Amino acid sequence: QKLSNLVAHMLLVSATCLSLSLKTSFKPQSLPPFLVPYNEKALALTDTAIEHDSLSVSRGVSYGPASHQTLDVWAPVAPTTASLPIVVGIHGGGWEFGYPEWAGFGALTVCATPALYITPAYALGLGEQQAWPESRDDLLAALRWVVEHAKEYGGDPARIILTGHSAGAHLAACLGLDPPLLRSAGVAPSAIKALFLVSGPVGLRAQDFAPAHWLWRFWVGRPLIWWLYRKGVSPNLRAVVGSPPEPTAVLAASPLARLAEQDLAELPGLVHVTYGGKRDFPFCKPQAKRLRAELERLGRSATSAPRVEVLEMSECDHFGTHWALAEPGSEWIAALQTALKES
């Protein structure tokens, strides 16, 4: 009787712990006020996904020796006969803040395809330090873990889609648009079938933030853009490029600037770029269009090049484009599901 009571007590404690809010499962960050509503909603949606009976989740799986090098693996409960394609979702937060749960809320829609969904943590600035290149290198290590361990969770390591929102989109582009970097980490570029970049920059140079490309070329426009970059833009990039900006870090973290160096045949077959309407960050739309234009320009002289899709979600702000990840009927999810089925 005592043993059965002890077991019942342990089960009750376990159930209570599982039902606790996600807020208790990680070290709190001192978020700036504008991120607090986003954080609350993301955690609530991820809590819902954790409790859903159609999903299983392995949380806090280590992909490296550092305490922050962990990831969550989400999978559909329904049995499948074939290995599942994999979506790796990289959270945003301005390279300073964020949790895997800021991407985890999309598990219900992603896994329903069906697919495996993996959301890694990575090095952050936390308002105190430069996180580059550690943030990029952490995600490379996470990708290597995916390739080595995905089969244990029913995933196919040869069919990976990288996606990210905001700073996460930038980091996804830094990985997916750099085949030599992937190879250096033991990840075959051919394993990355598609990139889904949501409301994020693909270049961190001053000219990448010019509202129109001709303005950078105009003799009066260039000094103005440099001034705006130093005063208003680069402070927000501090966790990547340093303060003041380090030219080598700026170039290394600007995949748009280095596309001409790449073998386009080794890039993902699909590059899908999403941005919001007037309430999204002002660089998102012009950078999305420049990425498409550059890939199309280079593709004209290449034997093979990625297909580029650009999706404008005109009613969405910067965070609204990401909430589409949790909406089964959204255009973004429809495009992702098509890519997964084609992978």
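Our structure is the block above this text.
Not measured: the values here are computed from a predicted model.

## Brief notes about the overall build of the chain
Per the secondary structure count, the chain includes 14 helices and eight strands. Looking at the chain as a whole, 54% of its 343 residues qualify as buried. A sequence separation of at least 24 residues applies to 76% of the contacts in the chain between residues at least 6 apart. Looking at the chain as shown, the accessible area adds up to about 15800 Å², and 58% of this sits on carbon and sulfur atoms.

## So, the nonpolar core
Generally speaking, soluble globular proteins have nonpolar side chains that are buried together. Ranked by size, the top nonpolar core spans 66 residues in total, and within it L197 and L291 carry the most contacts. L291 has contacts with L177, L197, V202, L256, L259, V271 and V273, leaving out every residue within four places of it along the chain. L31, L55, F97 and L336 belong to the second largest nonpolar core, which has 36 residues in total.

## So, helix α12 (residues 284–299)
A rise of 1.5 Å per residue sets the reference length of α12, with its 16 residues, at 22 Å; its end C-alpha atoms lie 22 Å apart and thus fit the reference within 8%. Looking only at α12, the buried set comprises C284, P286, Q287, A288, R290, L291, E294, L295, L298 and G299.

## Remarks on the pattern of salt bridges
Overall, the coordinates contain 11 salt bridges when judged by the stated rule. Where R59 meets E101, a salt bridge forms, and the shortest distance between an N and an O atom there is 2.4 Å. Taken together, the residues span a long stretch of sequence, with R59 in strand β1 (residues 55–62) and E101 in helix α3 (residues 101–104) at a distance of 42 residues. With its nearest N and O atoms 3.3 Å apart, the salt bridge here joins D178 to R258. Of this pair, D178 sits in the loop between α6 (167–176) and α7 (179–184) while R258 sits in the loop between α11 (247–252) and β7 (270–276), and the two are 80 residues apart along the sequence. On the basis of relative accessible area, D178 is assigned to the buried category, the value being 10%. Residue class for R258 comes out buried when judged on its relative accessible area of 12%. Each member of the salt-bridge network shares a partner with another, and the members are R59, D72 and E101.

## Considering the packing of aromatic side chains
Scanning all chains against the criterion turns up 11 aromatic pairs. Seen in terms of ring centroids, F209 and F283 are 5.4 Å apart; in terms of plane orientation they differ by 75 degrees. Their pairing is edge-to-face. Taken together, the residues F209 in the loop between β6 (192–198) and α8 (213–217) and F283 in the loop between β7 and α12 connect sequence positions 74 residues apart. Of the two residues, F209 and F283, both sit in the buried class. Taken together, the aromatic side chains of Y38, Y99, W102, F105, F319 and W323 make up a single cluster linked through ring pairs.

## A closer look at the side chain of E96
Mapped onto the elements, E96 comes out in the loop between β3 (84–90) and α3. Ignoring sequence-local partners within four residues, the contact set of E96 consists of L124, G125, L126, G127, E128, Q129, R238 and A239.

## Here's the deal with the environment of V147
Residue placement: V147 occurs in helix α5 (residues 134–149). Classification of V147 as partly exposed rests on a relative accessible area of 27%. The spatial distance from the C-alpha of V147 to the C-alpha of R159 is 9.6 Å, given a sequence separation of 12 residues.

## Quick word on the pairing of β3
Burial analysis of β3 places seven of its seven residues in the buried class, the great majority of the element. When β3 meets strand β4 (residues 116–120), the two strands line up parallel, connected through three bridges. Paired with I86 across the strands is L116, a residue of β4.

Conventions adopted
- Residues numbered from 1 in each chain as written.
- Predicted model: local features only at pLDDT ≥ 70, side-chain atom pairs only at ≥ 80, totals over all residues.
- Heavy atoms only, no water.
- Helix = DSSP H or I, 4+ residues; strand = E, 2+ residues; numbered from the N terminus.
- Buried < 20%, exposed > 50% of the residue type's maximum accessible area, 1.4 Å probe, protein only.
- Contact = heavy atoms within 4.5 Å.
- Areas by Shrake-Rupley, 256 points an atom, 1.4 Å probe, with all protein chains shown as cover.
- Core = buried A, V, L, I, M, F, W, Y, C linked by side-chain atoms within 4.5 Å.
- Expected span 1.5 Å × (residues − 1).
- Salt bridge = Lys/Arg side-chain N within 4 Å of Asp/Glu carboxyl O.
- Phe/Tyr/Trp six-rings, centres within 6.5 Å; stacked < 30°, edge-to-face > 60°.
- Pairing = 2+ DSSP bridges.

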